[in-house]
Amino acid sequence: MADPLAPPSSARVAIQAQDFDVSTELATLRAQDARVGAVCCFVGTVRDRSDGDAVASMELEHYPGMTEKSIEAMVDEALRRFDIFAARVVHRVGLLAPQDQIVLVAVTSAHRGQSFQACEFLMDWLKTQAPFWKKEATPQGARWVDARVSDDTALARWGIDSRNA
């Protein structure tokens, strides 16, 4: 049965070029829900180095519609696996510079343990399964960012094989 206090599906995932305000996102996520005793969030930012090279910028591409649907399925799985009330994922696309925010994953629950676990689960799944393509601008030229074995390993601890997810 659907949680009557849970935000609508469309409010759970946003793919956007513009920056986001973490305080506003968290306030919106927990608004009007007095059950919330824990809010956990992760904010990913663009680093100025990757694989030992300087990074001047990163460009993220996606397939509109497909990306949102994929992330919605991730949120559904987190709601199924963990005792959480709500989740919000905001992911930026377009051209980003070092220190720019890329992604926000936020989760509410009654207690911190479930929020921490669900937040980490969602981020691990996003890193390996969300249909984004990242290109870095380095002094050696532009290069596409490949998947990392460490990301697959992180996802595997949740019982998910990234090749079959």
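In case you missed it, the structure is sitting above this.
Below is a short write-up of the structure. (Residues numbered from 1 in each chain as written. Predicted model: local features only at pLDDT ≥ 70, side-chain atom pairs only at ≥ 80, totals over all residues. Heavy atoms only, no water.)

Considerations on the overall build of the protein chain
Under the convention used in this document: For the purposes of this entry, the term helix denotes a DSSP run of H or I that reaches at least four residues, the term strand denotes a run of E that reaches at least two, and both are numbered from the N terminus. Think of it in three bands: with a 1.4 Å probe and only protein chains considered, a residue is buried below 20% of the maximum accessible area for its type, exposed above 50%, and partly exposed in between. Note on contacts: a residue pair qualifies if any of its non-hydrogen atoms lie within 4.5 Å across the two residues. The method behind every accessible area is Shrake-Rupley, applied with a 1.4 Å probe, and residues are considered shielded solely by the protein chains displayed.
Each helix and strand in the protein chain was counted, giving 5 helices and 10 strands. The proportion of buried residues among the 165 residues of the protein chain is 43%. Nonlocal contacts in the protein chain, meaning residues at least 24 apart in sequence, comprise 78% of its contacts between residues at least 6 apart. Summing over all exposed atoms, the protein chain offers an accessible surface of approximately 9100 Å²; the carbon and sulfur share of this is 51%.

So, the packing of aromatic side chains
Threshold: Stacked, edge-to-face and tilted are the three classes for Phe, Tyr and Trp ring pairs, Trp counted by its six-membered ring, which pair at centre distances within 6.5 Å; planes under 30 degrees apart are stacked, over 60 edge-to-face, the rest tilted.
Taken as a whole, this structure holds 3 aromatic pairs when the rule is applied. On the basis of an interplanar angle of 75° and a centroid distance of 5.1 Å, the ring pair of Y63 and W133 is categorised as edge-to-face. One end of the pair, Y63, is in the loop between β5 (57–62) and α3 (66–81); the other, W133, is in strand β9 (residues 132–138), and 70 residues separate them in sequence. In this structure W133 comes out as partly exposed when scored by relative accessible area, which is 36%. With 5.4 Å between their ring centres and 75° between their planes, F121 and W125 make a pair best called edge-to-face.

Concerning the sheet that holds strand β10 (residues 141–144)
Short version of the rule: Here the rule is simple: two strands pair whenever DSSP picks up at least two bridges between them. To get an axis, fit a line to the C-alpha atoms, keeping to the stretch in contact for a helix; angles then go from 0 to 180 degrees between the N-to-C directions.
As summarised here, the arrangement of the 4 strands in space is β7-β5-β9-β10, forming an open sheet in which the pairing is antiparallel. Lying at the two open borders of the sheet, with one neighbouring strand each, are β7 (94–96) and β10. Between one strand axis and the next, the sheet turns by 25° as a mean value, whatever way the strands run.

A short note on the pattern of salt bridges
How we decide: We count a salt bridge whenever a side-chain nitrogen from Lys or Arg sits within 4 Å of a carboxyl oxygen from Asp or Glu.
If you walk through the whole model with that rule in mind, you get 9 salt bridges. Taken together, the salt bridges that share partners define one network made up of R12, E72 and D76.

Things to note about the side chain of T67
Note the threshold: In protein, a polar contact means a hydrogen-donor-capable atom and an acceptor-capable atom, both N or O and within 3.5 Å, with residues adjacent in sequence counting only if both atoms are side-chain atoms; elsewhere, any N or O pair within 3.5 Å suffices.
By the element assignment, T67 lies in helix α3. On the basis of relative accessibility, which here comes to 0%, the residue T67 falls in the buried class. Among the polar contacts listed, one links the side chain of T67 to the backbone oxygen of P131, at a separation of 3.3 Å. Apart from the residues within four sequence positions on either side, T67 is in contact with I15, H62, P131 and F132.

Some remarks on the environment of E25
You can see E25 is positioned in helix α2 (residues 22–30). Once the C-alpha coordinates of E25 and A106 are considered, the two residues, 81 residues apart in sequence, prove to be 8.4 Å apart.

Focus on a nonpolar patch on the surface
Put simply, the rule is: Patches were defined on residues exceeding 30% relative accessible area and lacking a salt bridge, with like-charge contacts within 9 Å and nonpolar side-chain contacts (Val, Leu, Ile, Met, Phe, Trp, Tyr) within 5 Å.
A grouping of Y63, M66, W133 and W144 is seen on the molecular surface, where their side chains present a nonpolar patch of about 450 Å² in accessible area. Within the fold, W144 resides in strand β10.

Notes on the environment of A86
Position of A86 among the secondary structure elements: in strand β6 (residues 84–92). Judged by its relative accessible area of 5%, A86 falls in the buried class. Here the alpha-carbon distance between A86 and D33, two residues 53 residues apart in the chain, equals 9.8 Å.

Re the side chain of E136
Inspection of the secondary structure assignment puts E136 in strand β9. Residue classification places E136 among the buried positions, given a relative accessible area of 4%. Side-chain polar atoms of E136 contact the side chain of S50, separated by 3.0 Å. With near-sequence residues (within four places) excluded, E136 lies in contact with S50, V55, S57, M58, G141, A142, R143 and V145.

As for the sheet that holds β6
Overall, mixed pairing links the 4 strands, which are arranged β1-β6-β8-β2 in an open sheet. Every other strand in the sheet has two partners, leaving β1 (13–16) and β2 (38–45) as the edge strands with one partner each. Averaged over all pairs of adjacent strands, the angle between strand axes in this sheet comes to 10°, irrespective of strand direction. Relative to β6, β1 runs parallel, the two sharing 4 bridges. By the bridge assignment, V13 is partnered in β6 with V89. Docked against the sheet, α2 engages β2, β6 and β8 (101–109), running at close to 25° with respect to β8. Where helix α4 (residues 112–129) meets the sheet, it contacts β2, β6 and β8, and its direction lies at approximately 145° from that of β8.

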